[in-house]
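Residue strings, one per chain:
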Amino acid sequence: MHFFVHNSRIPVLIGAAGAVVIAVCGCTLSPLEAYVPRNPEEEQILSLLIAYQDARSRFDVERFLGCLHDKGTYNHASRVMLSKKELSEALPGFWAKLQKGERSFYPMCRENLSGNYFVRFRLFDPTITVVGNTATVTVIYSNAHWRLHHYISLVKEGDTWLIRRLDWETG
């Protein structure tokens, strides 16, 4: 038995194969830990981002707050921006409700749903831009198949990078 493909179908098959390759590659995310820093500044920023991700995923309030600048502003529940002090007061109760999974706790509309409301997540595909003693980072925040851009602004004081702002793409 001979396998035969009519010449008129070859472009269609090549196009279909190309679409499959693009779809597969487009679904592939590179974890934060796989990012290769281009310089020592990015290396320090990457270390901070990994610490931030780990503290948040473990619900470690002290370590989480240790990643933040004292004068920053941080996205909290339902798109409210809080200072570090306000966040230190709000996080323990918020995270306790989050871990319990109480349905009444979650926002009613997806526009107010940010990565703050997920227990399990990972950060992927960082884009880091350093300008002097400031940096901006965009990462993809992923929970299973749900993805959202997470915007992180940083400032360097002395030899230490700290997160100055946490924000989210709107749902």
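Heads up: the structure comes first, above all this text.
Residue indices begin from 1 for each chain and proceed along its sequence in written order. Since the coordinates come from a predicted model, pLDDT governs what is reported: local features require at least 70, and pairs of side-chain atoms require 80 or more to be given and counted, while whole-chain, interface and lining totals use all residues. To get the side-chain values, all heavy atoms of the structure are used, and hydrogens and water are removed first.

**Overview of the overall build of the chain**
Consideration 1: In terms of regular secondary structure, the chain is built from four helices and six strands.
Consideration 2: Numbered from the N terminus, helices here are DSSP runs of H or I no shorter than four residues, and strands are runs of E no shorter than two. When the helices and strands of the chain are placed in sequence order, the string is α-α-α-β-β-α-β-β-β-β.
Consideration 3: Accessible surface, the chain: about 10400 Å² in total, of which carbon and sulfur atoms supply 57%. Residue exposure ignores everything except the shown protein chains as possible cover, and the areas themselves are Shrake-Rupley values with a 1.4 Å probe.

**Some details on the packing of aromatic side chains**
Consideration 1: Between 30 and 60 degrees the pair is tilted, below 30 it is stacked and above 60 it is edge-to-face, where a pair is any two Phe, Tyr or Trp rings, Trp via its six-membered ring, whose centres lie within 6.5 Å. Following the criterion strictly, the structure yields five aromatic pairs and no others.
Consideration 2: Considering the side-chain rings of Tyr 141 and Trp 168, the 4.8 Å spacing of their centres and the 90° angle between planes classify their relative orientation as edge-to-face. In this pair, Tyr 141 is assigned in strand β4 (residues 134-143) and Trp 168 in strand β6 (residues 160-168), connecting sequence segments 27 residues apart. There is no split in this pair, since Tyr 141 and Trp 168 are both buried. Each residue is placed in one exposure class: buried if its accessible area under a 1.4 Å probe, protein chains only, is under 20% of its type's maximum, exposed if it is over 50%, and partly exposed if it falls in between.

**Things to note about the sheet that holds strand β5 (residues 146-157)**
Consideration 1: When DSSP locates at least two bridges between a pair of strands, those strands are taken to pair. Strand order in the open sheet formed by six strands is β2-β1-β6-β5-β4-β3, with mixed pairing between adjacent strands. Only two strands of the sheet have a single neighbouring strand rather than two, namely β2 (81-83) and β3 (122-131). For this sheet, the mean angle separating the axes of adjacent strands, direction not counted, is 20°.
Consideration 2: Here eight bridges tie β5 to β6, and the two strands are oriented antiparallel to one another. Bridging across to β6, Tyr 151 finds its partner in Asp 167.
Consideration 3: Sheet contacts for helix α2 (residues 40-57): β3, β4, β5 and β6; angle to β3, the most-contacted strand, approximately 145°.
Consideration 4: Contacts are assigned to residue pairs that have any heavy atoms within 4.5 Å of one another. To obtain an axis, a line is fitted to C-alpha atoms, over the contacting stretch when the element is a helix, and the angle between two such axes runs from 0 to 180 degrees between their N-to-C directions. Sheet strands touched by helix α4 (residues 84-100): β1 (68-75) and β2. Its angle to β2, the strand with the most contacts, is close to 105°.

**Considering the pairing of β6**
Consideration 1: Where β1 meets β6, three bridges bridge the pair, whose relative direction is parallel. Directly across from Leu 68, in β6, lies its bridge partner Ile 163.
Consideration 2: From the end of β5 to the start of β6, which pair antiparallel, there are two residues, and Gly 158 there has a positive phi angle of about 65°.

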